[in-house]
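Single-letter residue listing:
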Amino acid sequence: MIEVKLHDIGEGMTEGEIVHYYVKEGDMVKTDQPLVEVQTDKMVAELPSPGTGQIKEILIPIGETVQVGTTLLLIEGEGADKSHREDHPEKQPAQTVTKELTNKRITTKINRVLATPYTRKIARDHGIDIEQVPASDPSGRVTEEDMYQYINQSHEPVIEETLEVEPPQSNSDEIPFWGIRKQIAQKMTQSLYTIPHVTHFDEVELTRLMELREELKADGISVSVPAFFMKALVFALKDFPVFNAELDETQETIKLKKEYNIGLATDTEDGLMVPVIHGADRKSIQQLHEDIKDLTQKAKERKLEPKHMKNGTFTMSNVGPLGSTGATPIINYPETALIAFHKTKKRPVINDQDEIVIGQMMNLSMSFDHRVADGATAVAFTNRFISLIENPSKLMLEMI
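Now for a description of the structure that goes with this document. Just so it is clear, the structure is predicted and the values come from calculations on it, not from any experiment. (Residues numbered from 1 in each chain as written. Predicted model: local features only at pLDDT ≥ 70, side-chain atom pairs only at ≥ 80, totals over all residues. Heavy atoms only, no water.)

## Overview of the overall build of the protein chain
So, step 1. A tally of helices and strands in the protein chain yields 10 helices and 19 strands.
So, step 2. Out of the 400 residues in the protein chain, the part that is buried amounts to 40%.
So, step 3. Long-range contacts, defined here as pairs at least 24 residues apart, represent 60% of the contacts in the protein chain between residues at least 6 apart.
So, step 4. Carbon and sulfur atoms form 50% of the exposed surface of the protein chain, whose accessible area is close to 22,200 Å². (Helix = DSSP H or I, 4+ residues; strand = E, 2+ residues; numbered from the N terminus. Buried < 20%, exposed > 50% of the residue type's maximum accessible area, 1.4 Å probe, protein only. Contact = heavy atoms within 4.5 Å. Areas by Shrake-Rupley, 256 points an atom, 1.4 Å probe, with all protein chains shown as cover.)

Laid out in structure tokens, this is it:
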């Protein structure tokens, strides 16, 4: 018997939520065939089959959050020892009880009412007997909308037959707080309660950089602005390594990272994801452009793998396209800092000849861990970054 367990699929995760099973009991599966979809604090990942055989038993229901090491399902594999349970009598009682409970649940609930696992989870969370919920679908299937409509109705008993009690009117709708949204909340809370955040604001003139992009575009070369930002950040981090660091309070040390792995905060339909571009210092601006494009697309299509989310040392967030003019971003714990780039606007500026001209100005905000760095260091860091972006020729010289 092959036990399929929840294993650590990224950066020391301790638990995961069962989102979806691709198989059911009795199905035949092959090695590396996807079995189950798991939600961690950073991503949704698929667990493949470790062998070939038949799905004997699914132990953990959809919607449950379990610890790493928990057995999710059993596969009776080709050549596997079918007396596995007999050889481990200490596991027999728990597994027998699980099977009995599973069978009982199937005969008393699932066979009576048609509903998805997620709809059943809504019923469990609100303490509702799903059999009492009227189904609007002609097939008799209870939907999420049926559940919420039932929840919003009053079911208070009438005290006297002659007394009419009007149900209270609900002034709000409800959406489930679970999955990626819940994991993001936990991550943000951990960061805010652990790190004393300070946010530094500044502005950057992008006029020359935009002119350079137009020149490249005329030659058939397309490079995104964030690719230039990322390259400039690498050089600034080399000059101010305290922002490419991690505080280890138990060892009373600040670990200055020698790798420059830049996280890219990405807005997706599922929530905020932060894929990581590894070795940004070793890549050209063109390579960074391709990597940013590729990882952003993977994040939006839910195709990120564990390797795409590991070992970030610094995070950048490009929220300008969304229309942002300023923010106080939350640091991606356990990193030391995060920088956000906001909307670019055309504004009057004074050039080197004291002339008023139209320039393209962008705001930036940088949050940093005040235990690790001070405000003056943050200002020096952003000044270095600004110098490279406002004068692209300096950025080119750094790469020689």
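Continuing now.
## Remarks on the nonpolar core
So, step 1. In this structure, Phe-229, Phe-243 and Phe-385 are the most contacted members of the largest nonpolar core, which totals 52 residues.
So, step 2. Per element, the largest residue contribution to this core is 11 residues, and it comes from helix α7 (residues 225-239).
So, step 3. For Phe-385, the residues in contact, after removing those within four places along its chain, are Phe-229, Ala-232, Leu-233, Ala-236, Phe-341 and Leu-364. (Core = buried A, V, L, I, M, F, W, Y, C linked by side-chain atoms within 4.5 Å.)

## Considerations on unusual backbone geometry
So, step 1. Between Tyr-333 and Pro-334 the backbone carries a cis peptide bond, its omega angle lying at 10 degrees.
So, step 2. Along the polypeptide, Pro-334 turns up in the loop between β17 (314-318) and β18 (337-350).
So, step 3. Unusually for a residue other than glycine, Arg-302 sits at a positive phi of about 60 degrees.
So, step 4. Here Arg-302 shows up in the loop between α8 (285-300) and β17.

## Regarding the environment of Pro-321
So, step 1. Its place among the elements puts Pro-321 in the loop between β17 and β18.
So, step 2. Accessibility expressed as a relative area gives 68% for Pro-321, which makes it exposed.
So, step 3. Taking C-alpha positions, Pro-321 is 8.6 Å from Thr-344, a pair spaced 23 residues apart along the chain.

## Concerning the pairing of strand β13 (residues 253-256)
So, step 1. Pairing geometry for strand β12 (residues 245-248) and β13, over four bridges, is antiparallel. Across the sheet, residue Asp-248 finds its bridge partner in β13, namely Thr-253.
So, step 2. The hairpin turn running from β12 into β13, its antiparallel successor, is four residues long, and Glu-252 in that turn takes a positive phi close to 55 degrees. (Pairing = 2+ DSSP bridges.)

## Section: the pairing of strand β8 (residues 71-77)
So, step 1. Extensive coverage of β8 is indicated by the burial of seven of its seven residues.
So, step 2. Here strand β1 (residues 2-5) runs beside β8; their pairing, made up of four bridges, is antiparallel. Bridging from a neighbouring strand, Val-4 pairs with Leu-73 of β8.
So, step 3. For strand β6 (residues 53-58) and β8, the ladder comprises five bridges, and the chain directions are antiparallel. Bridge pairing links Ile-55 to Ile-75 in β8.

## A few points about the sheet that holds β6
So, step 1. Strand order in the open sheet formed by four strands is β1-β8-β6-β3, with antiparallel pairing between adjacent strands. Single-partner strands in this sheet number two, and they are β1 and β3 (28-29).

None of the figures reported here should be taken as evidence of function without further support.
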